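# Structural overview for review
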Amino acid sequence: MKAHDAGKTPAGTHRPIMVKEILDVLKPRKGHTVIDATLGYGGHSLEILKKITPHGKLYGFDVDSVELPKTEKRLKDLGYSGKEFQTCHGNFSLIPQLMTKFDISPVSLVLADLGISSMQLDDPQRGFSYKLDGPLDLRLDPNEGSPASEFLESIEQKDLEKLLEENSDEIFAEEISKEIKEALRFRPVATTQDLREIIEKALLGIPARILAEQGTKPLRRTFQALRIAVNQEFDSLDLFLHNLPDILKPGGRAAILTFHSGEDRRVKKAFQAFHRTGIYSKISNEVIRPTAAEVFTNPRASSAKLRWAVKAIL
């Protein structure tokens, strides 16, 4: 309780963001079939399951092979059987193929929460947080691809600079990318604390007033940019948005929760494009933000943006 009161999330748990707003947008009811494209801790899914059961079913997709079995057990321990809830391991860009594999028809509702979960951030072995010392990994599925430490070895300085700018709007991209590549001449950047020290060293020449204004943002933005690159998150999101109309039934509703401008821009443009062609009958005209009260109790909600779309009934 004390952690919640202080605006923190207890280690090993996750507080779902904008639950009321998502339920208002999706309007789940008994008998609906639902895809949670990014199951995570299952907080949103639990609230949706309460609305759609009995007779409804939720399919929870997630790329994270570490957390998915834990969430499956958690929800089934709460009484949701295989008739009502089923998990599927895989990146949400592959949902159409996975739907075919598991014989899932187009669904009534789709939710995608693009934020990284508290469980991932709080596990030092995953390497997502600059606050915790651990291997510099950053993979959403530790069994796939290469860790961020290897990625940094392979990328050229100018490409790294561009990546920091494009993936997280990092204003010190040149200084940080040069310092990373300079450090790599002498030793690997193997841990989160290795990278943190390099970033802090890169900023030593920045005026104190500017650094004070930025706070920990360069650290957060650098880790974010690398995570996006390592997991090819923008490519996956673009493919998911392209496939989304085929995942939905006519009249089906989709809600997507984003956490930075690169994600939100892609969702906005995709929704607008499909709206112009008549594939979506309605889309959110304005982004929906969390309430001040939610941000106060859960600071991780501060950058959240929610958009929605409704597939046309042709």
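Just so you know, the residues in each chain are numbered from 1, in the order the chain's sequence is written. Whole-chain, interface and lining totals are the exception, using all residues; otherwise, since this is a predicted model, local features are given only for residues with pLDDT of at least 70 and side-chain atom pairs are given and counted only at 80 or more. To get the side-chain values, all heavy atoms of the structure are used, and hydrogens and water are removed first.

Now for helix H8 (residues 157–168). Over its twelve residues, H8 runs 16 Å from end to end, which matches the ideal 16 Å to within 8%, given 1.5 Å per residue. Buried residues are those whose accessible area, probed at 1.4 Å on protein chains only, stays under 20% of the maximum for their type, while exposed residues exceed 50% and partly exposed ones sit between those limits. To qualify as a helix, a DSSP run of H or I must reach at least 4 residues; to qualify as a strand, a run of E must reach at least 2; elements of each kind are numbered from the N terminus. What H8 keeps buried is the set Gln157, Leu160, Glu161, Leu163, Leu164, Asn167 and Ser168. Buried positions in H8, seen along its axis, are confined to an arc of 160° and lie on one side of it. Just beyond H8, the residue with positive phi is Asp169, at close to 55°. By this rule, a helix spans an expected 1.5 Å times one less than how many residues it contains. As used here, the arc is the angular range of directions from the helix axis to the C-beta atoms.

Considering the arrangement of structural elements, one finds Pro299 in the loop between helix H15 (292–297) and strand S7 (305–311). Expressed as a C-alpha distance, the spacing of Pro299 and Gln86, which sit 213 residues apart in the sequence, is 31 Å.

In short, DSSP must find at least two bridges between two strands for them to pair. A sheet is described by the order of its strands in space; here seven strands give the open sequence S3-S2-S1-S4-S5-S7-S6, paired in mixed fashion. Two strands bound the open sheet, and with one partner strand each, they are strand S3 (85–89) and strand S6 (280–283). Across the sheet, the axes of successive neighbouring strands diverge by a mean angle of 15°, strand direction being ignored. Pairing of strand S2 (residues 57–62) with S3, which is carried by five bridges, proceeds in the parallel orientation. Each bridged residue has a counterpart across the sheet, and for Gly60 the counterpart in S3 is Thr87. The criterion used for residue contact is that any of the two residues' heavy atoms lie within 4.5 Å. With axes taken as lines fitted to C-alpha atoms, and helix axes fitted only over the stretch in contact, angles between N-to-C directions fall between 0 and 180 degrees. Lying on the sheet, helix H3 (residues 43–52) is in contact with strand S1 (33–36), S2, S3, strand S4 (107–113) and strand S5 (248–258); it crosses S2 at an angle near 165°.

This next bit is on the environment of Ser45. Structurally, Ser45 is set in helix H3. A residue is classified by how much of its surface remains accessible, and Ser45, at 0% relative accessible area, is buried. Not counting the four nearest positions on each side in its chain, Ser45 is found in contact with Asp36, Leu39, Leu58 and Leu75. Throughout this description, a polar contact denotes any pair of N or O atoms lying within 3.5 Å of each other; where both atoms belong to protein, one of them has to be capable of donating a hydrogen while the other can accept it, and for residues adjacent in sequence the pair is counted only when both atoms sit in side chains. Polar contacts involving the side chain of Ser45 include one to the side chain of Asp36, which spans 2.6 Å.

We now examine unusual backbone geometry. Cis rather than trans, the peptide bond between Thr53 and Pro54 has omega equal to 0°. Among the secondary structure elements, Pro54 is positioned in the loop between H3 and S2. Positioned with a positive phi, Met18 is a non-glycine residue whose angle comes to about 55°. Take Met18: it is sitting in the loop between helix H1 (2–5) and helix H2 (19–26). Owing to a relative accessible area of 0%, Met18 belongs among the buried residues under this scheme. For Lys27, which is not glycine, the phi torsion reads 55° and is therefore positive. Positionally, Lys27 belongs in the loop between H2 and S1.

At a minimum axis distance of 10 Å, the contact between helix H10 (residues 192–202) and helix H12 (residues 217–230) shows a crossing angle of 125°. One way to sum up the angle between H10 and H12 is to call them oblique. The element H10 and its partner H12 pack so that their crossing is right-handed. The segment H10 lies against H12, with Thr192, Leu195, Arg196, Ile199 and Glu200 engaging Pro218, Leu219, Thr222, Phe223 and Leu226. Any angle that falls under 35 degrees is termed roughly parallel, while one over 145 is termed roughly antiparallel, one within 65 to 115 roughly perpendicular, and all others oblique. Each crossing gets its handedness from the near helix: less than a right angle anticlockwise from the far helix is left-handed, clockwise is right-handed.

Moving on, we come to the environment of Phe234. Relative to the assigned elements, Phe234 resides in helix H13 (residues 233–247). Measuring from C-alpha to C-alpha, the distance between Phe234 and Lys30 comes to 34 Å, with 204 residues separating the pair along the chain. Setting aside residues no more than four positions away along its own chain, Phe234 makes contact with Glu166, Asn167, Ile228, His260, Gly262, Glu263 and Arg266.

On to the nonpolar core, then. Among the nonpolar cores identified, the biggest contains 30 residues, and Leu136, Leu152, Ile176, Ile180 and Leu195 are the most heavily contacted of them. Elements supplying a minimum of two residues to this core: helix H7 (148–154), H8, helix H9 (173–183), H10 and H12. Here this core gets six residues from one element, more than from any other, and that element is H12. For Leu152, the contacting residues outside a window of four places in its chain are Leu136, Leu160, Ile180, Lys181, Leu184, Val189 and Leu226. Among buried residues, the Ala, Val, Leu, Ile, Met, Phe, Trp, Tyr and Cys ones that are joined through side-chain atoms within 4.5 Å form a nonpolar core.

Only Phe, Tyr and Trp rings are paired, with Trp represented by its six-membered ring, and only when their centres lie within 6.5 Å; those with planes under 30 degrees apart are stacked, over 60 edge-to-face, the remainder tilted. All chains considered together, the criterion is met by four aromatic pairs. Through a chain of ring-to-ring contacts, the aromatic side chains of Phe271, Phe274 and Tyr280 assemble into a single cluster. Sitting over the ring of Tyr41, Arg74 keeps its end group 3.6 Å from the ring centre. The ring centre of Trp308 lies 5.8 Å from the NZ or CZ of Arg253, which sits over that ring. Remark: a charge is flagged as sitting over a ring if the NZ atom of Lys or the CZ atom of Arg is within 6 Å of the ring centre and within 35 degrees of the ring normal.

So, about the pattern of salt bridges. The salt bridge definition used is simple: a Lys or Arg side-chain nitrogen within 4 Å of an Asp or Glu carboxyl oxygen. Per the stated rule, a full pass over the model turns up 20 salt bridges. Across the pair Arg300 and Asp122 runs a salt bridge, and its minimum N-O distance is 3.5 Å. On the criterion of sequence distance, the pair formed by Arg300 in the loop between H15 and S7 and Asp122 in helix H6 (residues 118–122) is long-range, its members being 178 residues apart. Arg185 is the partner of Glu182 in a salt bridge, and the nearest nitrogen-oxygen pair spans 2.9 Å.

Read these as layout, nothing more, since geometry by itself doesn't imply function.
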